[in-house]
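Here is what each chain is made of, one letter per residue.
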Amino acid sequence: MILIALFCLSAGLVSAVLFMLDVISESKEPYEAITTLEVGILYLVNVIIAALITYVLYLTDRIQLGFMAWTAVVLGYPLLMHTKLFTVKGTTPGENISVGFEVVYQQVSKLLLPGIDKSIEERGSRLLTDFRAMPTDRIVDKAKDYITPKKIENKQAVMDWLDEMRNDADQNPEHADDNKRAIFAKIQDIGGYRGIKYILRG
């Protein structure tokens, strides 16, 4: 019994990760989404569902304990959650209802994605507050360090723009906060919140 439990649980733990990649990929900040409470809840729910499906397959003699069966369950679960038998047409494409396992994915996404985005926005607000508290010189130096190894278009133009932001803040202190916000947006565009956190570590 312990072996069966370990088989089902391990299959659930791994297959749920693969399913989660779809949900996380829809977020504007995937790396931040991974650590949100909503994603954690979604992961646990999918572990339970996948483990139960594995157990039912075992009880009905659809699979036997073994690596091949384990691999089939791990790879098959994300595909299963995207299957649909047919679609009930709504008045608009957004109101279409999938009948099948895919409806679970759709409903869970509608329920949790707004919460994930809200959590990420709240983190972004805190990052911006910390970013604005840093000296402009330090921000620009760290931003250049971050951008230097990146393969981005017009890299030199971005470097020159950062210098302009620094010089403008030095000559017009009242512009400093707006310039920091502009740099924040630029770094976020280039590297997301990972780039912002790199600068804040300095």
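Preceding block: the structure.
For the structure given in this document, a descriptive report is provided here. (Residues numbered from 1 in each chain as written. Predicted model: local features only at pLDDT ≥ 70, side-chain atom pairs only at ≥ 80, totals over all residues. Heavy atoms only, no water.)

Let's talk about the pattern of salt bridges
Logical step 1: Throughout the structure, instances matching the rule amount to six salt bridges.
Logical step 2: One salt bridge connects arginine 166 with aspartate 163, and the closest N-O pair in it is separated by 3.2 Å. Of the two residues, arginine 166 and aspartate 163 are both situated in helix 7 (residues 155–171); the distance of three residues between them amounts to about one turn of the helix.
Logical step 3: Across the pair aspartate 177 and arginine 181 runs a salt bridge whose closest N-O atoms are separated by 3.2 Å. You can see aspartate 177 and its partner arginine 181 sitting in helix 8 (residues 176–200), four residues apart, about one turn around the helix.
Logical step 4: Taking relative accessible area as the criterion, aspartate 177 reaches 27% and is therefore assigned partly exposed. (Salt bridge = Lys/Arg side-chain N within 4 Å of Asp/Glu carboxyl O. Helix = DSSP H or I, 4+ residues; strand = E, 2+ residues; numbered from the N terminus. Buried < 20%, exposed > 50% of the residue type's maximum accessible area, 1.4 Å probe, protein only.)

Overview of helix 8
Logical step 1: Relative to the 36 Å expected for 25 residues at 1.5 Å per residue, helix 8 spans just 17 Å between its end C-alpha atoms, considerably shorter than the ideal helical length.
Logical step 2: Taking the largest bend as the criterion, helix 8 deviates by roughly 125°, centred on glycine 191.
Logical step 3: Buried residues of helix 8: Ala176, Asn179, Lys180, Ile183, Phe184, Ile187, Gly192, Tyr193, Gly195, Ile196 and Ile199, and no others. (Expected span 1.5 Å × (residues − 1). Bend = angle between axes of the 7 residues up to and from the residue.)

A few points about the packing of helix 7 against helix 8
Each pair of packed helices gets described by two things: the angle between the helix axes and the distance between those axes.
Logical step 1: Here helix 7 crosses helix 8 at 160°, and the two axes come no closer than 9 Å. On the basis of their axis angle, the class for helix 7 and helix 8 is roughly antiparallel. Crossing of helix 7 over helix 8 shows left-handed handedness. Between helix 7, through Val158, Trp161, Leu162, Met165, Asp168 and Ala169, and helix 8, the contact on the second element is made entirely by Ala176, Asn179, Ala182, Ile183, Lys186 and Ile190.
Logical step 2: Here the contact of helix 7 with helix 8 is composed, by residue class, of nine nonpolar, one polar and two charged. (Axes fitted to C-alpha atoms, helices over the stretch in contact; angles between N-to-C directions. Parallel < 35°, antiparallel > 145°, perpendicular 65-115°, else oblique. Left-handed = near helix turned anticlockwise from the far one by under 90°. Contact = heavy atoms within 4.5 Å. Nonpolar A, V, L, I, M, F, W, Y, C, P; charged D, E, K, R; others polar.)

What to know about the packing of helix 1 (residues 2–25) against helix 4 (residues 67–80)
Logical step 1: Packing of helix 1 against helix 4 brings their axes to within 8 Å, and their N-to-C directions diverge by 35°. Crossing of helix 1 over helix 4 shows right-handed handedness. The residues of helix 4 that touch helix 1, namely those facing Phe7, Ser10, Ala11, Val14, Ser15, Leu18 and Phe19, are Ala69, Trp70, Val73, Val74, Leu75, Tyr77 and Pro78.
Logical step 2: Its residues assigned to classes, the contact of helix 1 with helix 4 comprises 12 nonpolar, two polar and no charged.

Brief notes about unusual backbone geometry
Logical step 1: Its identity as a non-glycine residue notwithstanding, aspartate 61 has a phi of 60°, on the positive side.
Logical step 2: Locating aspartate 61 in the fold gives a position in the loop between helix 3 (37–59) and helix 4.
Logical step 3: The phi torsion at asparagine 154 lies on the positive side, around 55°, for a residue other than glycine.
Logical step 4: Note on placement: asparagine 154 falls in the loop between helix 6 (136–147) and helix 7.

Everything listed here is a matter of geometry and, on its own, says nothing about what the molecule does.
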